[in-house]
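Structural overview for review
So you can see what is in the structure, the chains are spelled out below.
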Amino acid sequence: MEELLFEKRSDGVALITLNRPDSLNALTDTMFEALGEALAECARDRAVRCVALTGAGRAFCSGGDVKGMAAMASRGAGSTGSPAGMVDRSAAQLRGFQNAVSLPLHTMAKPTVAIVNGVAAGAGFSIALACDVRLCSDRARFGTAFRNVGLSGDFGASFFLPRIVGSGRARELFFTAEIVDAQRALELGIANRVYEHDSLMEEALAFCAGLAAGPTAAMARMKENLNLAESGTLQAVLDQEAFYQRYGRLSSDHREGARAFAEKREPRFTGE
């Protein structure tokens, strides 16, 4: 069975599905590699105008493959190699996976949406946080989970979570590994919208199709502005906003939007 499913839909939405339902879509190295490749293809393909990420079965993603971690730890206990060298190689591999997954989800020049159909924990929670928008089933549950296996966190949770819920709340969620249900996630801002479970995919994919039909080049510039605002100065944001606002006035989508407004009709954007 393929561990990752990748579908490019006719409405401009690329749907990526984590596909290890028997293990709650726990992440393996093979999945990280396949997900990174799929995201890179989405970034290159102009026909893809919105990227949606979900999980097969009853979970979005339960995080890293803890059973695999335990087996690796047992093998490592008897290793005669340099501990420092082992850490360097392992950290370099993890950085590569993070740079191929969380970084493009956050920075890709098109909207990214997590469709959270069930539990999102550990690295699965981190990856959902890396997306621009999180659309959730009323059965969704979120948890950092790292403390439960004696780890500190990866895939950007330390960056994303405080920016969404605030520093104090983020520290509490990391230190306690509290499980947050869909309604609480909505109150905290972790979830953007919550749908009844049985209608989640229909509603979420319609939302994604709406984004894909929008002025996606302008959305890419919005995303750059918002990302800069997370770490840059006000002056830097004002400078970038000014440039992109004037640059955007030269675009086909701006001209179409202005004409549609004047003609009192819906605009037909092309992403140009």
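Scroll up to find the structure this text is about.
This text gives an overview of the structure that appears in the document.

What counts and how
- Every chain begins its residue count from 1, and numbering advances along the sequence as written.
- At least 70 in pLDDT is required for a residue's local features to be given in this predicted model, at least 80 for side-chain atom pairs to be given and counted, and no such filter applies to totals for whole chains, interfaces and linings, which use all residues.
- Side-chain metrics in this entry use all non-hydrogen atoms of the structure; hydrogen atoms and water are not considered.
- Think of it in three bands: with a 1.4 Å probe and only protein chains considered, a residue is buried below 20% of the maximum accessible area for its type, exposed above 50%, and partly exposed in between.
- Helix and strand labels come from DSSP, where a helix needs a run of H or I of at least four residues and a strand needs a run of E of at least two; each type is numbered from the N terminus.
- Each C-beta atom gives one direction from the helix axis, and the arc is the one those directions make.
- In what follows, residue pairs with any heavy atoms lying within 4.5 Å of each other are defined as contacts.
- What a helix should span is 1.5 Å times the count of its residues minus one.
- Strands were regarded as paired on the criterion that DSSP finds at least two bridges between them.
- Geometry is summarised by axes, namely lines fitted to C-alpha atoms with helices restricted to the contacting stretch, and by angles between N-to-C directions that run from 0 to 180 degrees.

Here we look at helix H5 (residues 157-165)
Those residues of H5 that sit buried are Ala-157, Phe-160, Leu-161 and Val-165. Seen along its axis, H5 keeps its buried residues to an arc of 100°; they face one direction. Looking at the buried side of H5, the elements it contacts are helix H3 (83-107), helix H4 (123-130), helix H6 (167-176) and helix H7 (182-188). Phi turns positive, to about 95°, at Gly-166, one or two residues after H5.

Regarding helix H11 (residues 252-263)
For H11, with twelve residues, the first-to-last C-alpha span of 16 Å sits near the 16 Å given by 1.5 Å per residue. Restricting attention to buried positions, one finds in H11 the residues Asp-253, Glu-256 and Ala-260. Buried residues along H11 cover an arc of 65° about the axis, so they all sit on one side. Exposed residues pointing more than 90 degrees away from the buried face of H11 are listed as Phe-261 and Ala-262. On its buried face, H11 is in contact with helix H9 (216-231). Lys-264 sits one or two positions beyond H11 and adopts a positive phi of about 55°.

Some words on the pairing of strand E1 (residues 4-8)
Pairing geometry for E1 and strand E2 (residues 13-18), over five bridges, is antiparallel. For Lys-8, the partnering residue across the bridge sits in E2 and is Ala-14. A loop of four residues connects E1 with E2, the two strands running antiparallel in sequence, and Gly-12 in this loop sits at a positive phi of about 90°.

What about the side chain of Ser-102?
Note that Ser-102 resides in helix H3. If sequence neighbours within four positions are ignored, Ser-102 has contacts with Ile-127, Ala-130 and Phe-155.

With respect to the sheet that holds strand E6 (residues 119-121)
Spatially, E4-E6-E8-E9 is the arrangement adopted by the four strands of the open sheet, whose pairing is mixed. Pairing within the sheet leaves two strands with one partner each, and these edge strands are strand E4 (59-61) and strand E9 (180-181). Looking at chain direction, strand E8 (residues 141-143) and E9 are connected through two bridges and run antiparallel. Within the sheet, the bridge partner assigned to Arg-141 lies in E9 and is Asp-181. Across the sheet, H4 is in contact with E4, E6 and E8; its angle to E6 comes to roughly 95°.

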